[in-house]
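Summary of the model geometry
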Amino acid sequence: MMEENPAVLEAVKNKDHKATRDSDFSAVLLLTGGFGTLQKVVFSVQCIVTIFYAFLLMGPIFFTLTPQHWCAPHPQTSHLLSQKFMNDSRMFIEEFYTAYLVNETESKFDLLLPRENSSCEDLDRRKCKEVNVTEEAVLLNIDNEILIEKYIKSLTVPRKVGKDEFEQCLQYHVNWQEILVPGELILPNESWPTVPCQHDWKFDYSLYYPSISSEMRWVCTDSFKVPASQATAFLGSILGGPLFGWLADTWGRRTAIIASNMLVGVAGVAAALSPNFITYCVSIFFLGFNAYPQVNILYILAMEFVISQHRSFVAVVPFMVFLTLGFTIIPWLAYYIANWRILALVIYGPLLLSPILYKILPESMRWLISKGRHHDALDTLLKVARFNGVQLDPQATQSLADFVKSQTASKNVSARHLWKTRRLRKHFLALCVLIICARILYDSHVRIIQFSTYNFFVTFSVSSVLEVLSGLLAYSLAEKAGRRRSLSMMFFFSAFVEICSAFVVQESFVVHTSLLLVGRVSISAAVSICFMLPVEILPTVIRSQAVGVVHTLGFTMSFVSPYIVFLANWNKIVALMVLGAIGTCGGLTVLLLPETKGQNLPDTLQEGEDFGKNQVHLIWKMKKKNEA
């Protein structure tokens, strides 16, 4: 681990500003306590907000889970069939299930008895699991609600051709008064005419809970509303990223952080109270509006307040541990709350308390200086020192004041200034390509790796555990091997795994799946390191705007991943080769960027242009020309 140059710290104390870089804030941070109590408070807030960021990303998925469903019969039809069941119950049990529902390996009473993983049509899953019906009770309890529902469903809903599954959007269209003959066993006939659902739907809540898709009947002809509502989050992110980036660079990091999290709280509560599709989509739009700023601007603030030795820790741990924790928690919150509206209030409502962060988080002193607010920057430094328990003597205080005054304010700049200098332009474009490759690969892996579908909630939690392993890998590599070297290794290794998977896809399901899991760990680690580079390479004066543009482009281009997965349905080998090519592109792009480990963050456009100028652009070497 690189040690801070003691001469730099001494230079600040002695007011020898020529001996230091004008923006050597690391020395100032060491003088005010290093990684002290205030930095730990900022880091703790970052970790907590990261959990809510996981809720922001995954909440809409759990709001729109669509349970198994089928057409509900007309109420009069349901009454007629219920009476038929009541009148012919013993014959129904002895003959109907034997003839139609019982296969050779199951007892007819096994099908009648509710089981933990059985379908409890429109019954609360907890009540269903409490039912314990014996064979004798089935024969006597002829008005059992579950049996009546099964009987009605089997007569009114056709089965899918060639499958032992019921249609979800079709029902038989017959005159039941003519068909139902007292004392005769009635079996469904595939020749009966069918029509789309005419009245309503029944839903199976044995695993899933009432969601907005079941509550508002976003099924069959209205099923497009589920992806449409999620697409509004994407539209929101395209606008929200650049806007909040501008806000953070214009009005300050703290203001943007509070505004973003407050907006998430308001939008989440609005989603929970949505009475219709339009209102819900508007709410999700504003949730997506904050997909970048909610945690990433706080991420920038935290990185600007720590010295280089701690940047890897601050950058990786919140995503490695707390984002994973959020991903792991939300499926079980959803399962046990079992109500999408209450779930939305629980995961978004606490963010309405975001204004209290104004008293907890400091404003970025780098940003204050870039705006010419030297007095506020000095006040912030003195508050940091007091909060960290550092007693500054008058000479040290005056040294800090002189150091702050020596910093020149930056003129108003925007992301377009990145295009005016050659190296900054190259770094910015390389970062855009890098983030695009990382997001496409990550999203494709999340979609293409198939876990057991026995229990969606368990599957979701188990898959999240992989993020912990990848985070540990990213942290270790970033600290020991440097950002550029470790990132190139992860991209190239991911490409190698994808290509190997393409050759074994037809040979062994176990080997193929194992390779895909290894590939996901690799690309997840790459994503963690990728997120560090824009913050460490782009200068303070345009950092939030530029990072916002980079991530917005990455998020936009990640919409390619569903098409790669669709390609995998047609030809997995071609799809995996495409992923391998993207991984290779990412690995080569890394070589265009400088190493950032142990380097001071650039603050001005000129410092951003000169950043890494003396480095040798090789994977395995990094040296400065002025080193003897």
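Let me sum up the structure you'll find in this document. Along each chain, numbering runs from 1 in the same order as the chain's sequence is written. The model is predicted, so local features are restricted to residues of pLDDT at least 70 and side-chain atom pairs to those at 80 or more, both for listing and for counting; the totals for chains, interfaces and linings are taken over all residues. Hydrogens and waters are ignored; side-chain quantities use all the structure's heavy atoms.

**Examining the overall build of the protein chain**
Put simply, the test is: Comment: elements are numbered from the N terminus, with helices defined as DSSP H or I runs of at least four residues and strands as E runs of at least two. Note on classification: 1.4 Å probe, protein chains only; a residue is buried when its accessible area is under 20% of the maximum for its type, exposed when over 50%, partly exposed between these limits. Here, residues are in contact when the closest pair of their heavy atoms is within 4.5 Å. Under the convention used here, a 1.4 Å probe and the Shrake-Rupley method define accessible areas, while residue burial counts only the protein chains that appear.
Across its full length, the protein chain holds 30 helices and four strands. Each of the 628 residues in the protein chain was classed as buried or not, and the buried ones make up 54%. A separation threshold of at least 6 residues defines the contact pool for the protein chain, and within that pool the share at least 24 residues apart is 80%. A total accessible area of about 27,800 Å² is found for the protein chain, and carbon and sulfur atoms account for 61% of it.

**Notes on the pattern of salt bridges**
The condition that has to hold: A pair is scored as a salt bridge if a Lys or Arg side-chain nitrogen falls within 4 Å of a carboxyl oxygen belonging to Asp or Glu.
Scanning all chains against the criterion turns up four salt bridges. With a closest N to O distance of 3.0 Å, Asp-376 and Arg-373 form a salt bridge. Notably, a salt bridge pairs Arg-483 with Glu-536, separated by 2.9 Å at the nearest N-O pair. Of the two residues, Arg-483 sits in helix H24 (residues 483-504) while Glu-536 sits in helix H26 (residues 532-537), which places them 53 residues apart along the sequence. According to the relative accessible area criterion, Arg-483 is buried, its value standing at 0%. For Glu-536, a relative accessible area of 0% gives the class buried.

**Side note on the packing of helix H15 (residues 293-304) against helix H16 (residues 311-337)**
How we decide: Lines fitted to the C-alpha atoms define the axes, with helices restricted to the stretch that makes contact. Angles between their N-to-C directions range from 0 to 180 degrees. Our angle categories are set so that under 35 degrees counts as roughly parallel, over 145 as roughly antiparallel, 65 to 115 as roughly perpendicular, and the remainder as oblique. Definitions for this section: a left-handed crossing has its near helix turned counterclockwise from the far helix by less than a right angle. A right-handed crossing has that turn clockwise. Basically, the charged four are Asp, Glu, Lys and Arg, the nonpolar ten are Ala, Val, Leu, Ile, Met, Phe, Trp, Tyr, Cys and Pro, and anything else, Gly included, counts as polar.
Taken N-terminus to C-terminus, the directions of H15 and H16 make an angle of 155°; their axes are 9 Å apart at the nearest point. In terms of axis orientation, H15 runs roughly antiparallel to H16. In this structure, the crossing between H15 and H16 has a hand that is right-handed. Note on element contacts: H16 touches H15 through Arg-311, Val-314, Ala-315 and Phe-319, opposite Val-295, Tyr-299, Ala-302 and Met-303. In the contact of H15 with H16, the residues fall into seven nonpolar, no polar and one charged.

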